[in-house]
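A closer look at the structure
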Amino acid sequence: MANLKLGKLPDRTPAKITITVGADLNQALRDYAILYRATYGEAESVAELIPFMLEAFLDSDRAFAKARKEGLPETNIDKPARRARSPRAGDSEAASPAVSSASQFQE
């Protein structure tokens, strides 16, 4: 086998994620898109900006980078961790946020 200078390329298959955000965060994301357009002269949708925002956030988190380098804790990845929200008046059980593998951000 050849000893190439360039290693095997990583998996570049995009993954889609659906999230629900609150009204305040939704407005903040829209405001960011407006400021982005004013700054760079190009309009980008919130859905286009979010992956780059998340990447910048993760890249700037030193504790996260250290944990990934040292090895992440063992978890059962088949069952994602869910935070239970407080039940609303009249609800019989707590709701949990929905996460799926398809992405659609409404603007």
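Residues numbered from 1 in each chain as written. Predicted model: local features only at pLDDT ≥ 70, side-chain atom pairs only at ≥ 80, totals over all residues. Heavy atoms only, no water.

Here the focus is helix α2 (residues 46–60). End to end, α2 covers 21 Å across 15 residues, agreeing with the expected 21 Å (1.5 Å per residue, within 8%). Among the residues of α2, Val46, Leu49 and Ile50 are the ones counted as buried. Take α2 and look down its axis: the buried residues cluster within an arc of 110°, on one side only. Projecting away from the buried face of α2 at angles above 90 degrees are the exposed residues Phe52 and Asp59. Elements that come into contact with the buried residues of α2 comprise α1 (23–40). (Helix = DSSP H or I, 4+ residues; strand = E, 2+ residues; numbered from the N terminus. Expected span 1.5 Å × (residues − 1). Buried < 20%, exposed > 50% of the residue type's maximum accessible area, 1.4 Å probe, protein only. Arc of directions from axis to C-beta. Contact = heavy atoms within 4.5 Å.)

A few words on the confidence of the model for the chain. In low-pLDDT regions, the fine details of the predicted coordinates are not to be read closely. Put simply, the chain has an average pLDDT of 82, and 71% of its residues get 70 or more. Helix α3 (residues 62–70) is the least confidently modelled element of the chain, averaging 94 in pLDDT, while α1 averages 97, the highest of any element. Under a pLDDT of 50 for its full length, residues 93–107 has, in the predicted model, 36 contacts with residues more than four places off or in other chains. (pLDDT = per-residue confidence, 0-100.)

Right, let's get into the packing of α1 against α2. Where α1 contacts α2, the two axes come as close as 10 Å, and the packing angle between them is 95°. One finds that α1 runs roughly perpendicular with respect to α2. Where α1 approaches α2, its residues Leu29, Arg30, Tyr32, Ala33 and Tyr36 are matched on the opposing element by Val46, Leu49, Ile50 and Met53. Broken down by class, the residue content of the contact of α1 with α2 amounts to eight nonpolar, no polar and one charged. (Axes fitted to C-alpha atoms, helices over the stretch in contact; angles between N-to-C directions. Parallel < 35°, antiparallel > 145°, perpendicular 65-115°, else oblique. Nonpolar A, V, L, I, M, F, W, Y, C, P; charged D, E, K, R; others polar.)

Across soluble globular proteins, nonpolar side chains show a tendency to be buried alongside one another. The biggest cluster of nonpolar side chains holds five residues, and these are Leu29, Ala33, Val46, Leu49 and Ile50. Elements with a contribution of two residues or more to this core: α1 and α2. Top contributing element to this core by residue count: α2, with three residues. Look past the residues within four positions of Leu49 in its chain and what remains in contact with it is Tyr32, Ala33, Tyr36 and Glu44. (Core = buried A, V, L, I, M, F, W, Y, C linked by side-chain atoms within 4.5 Å.)

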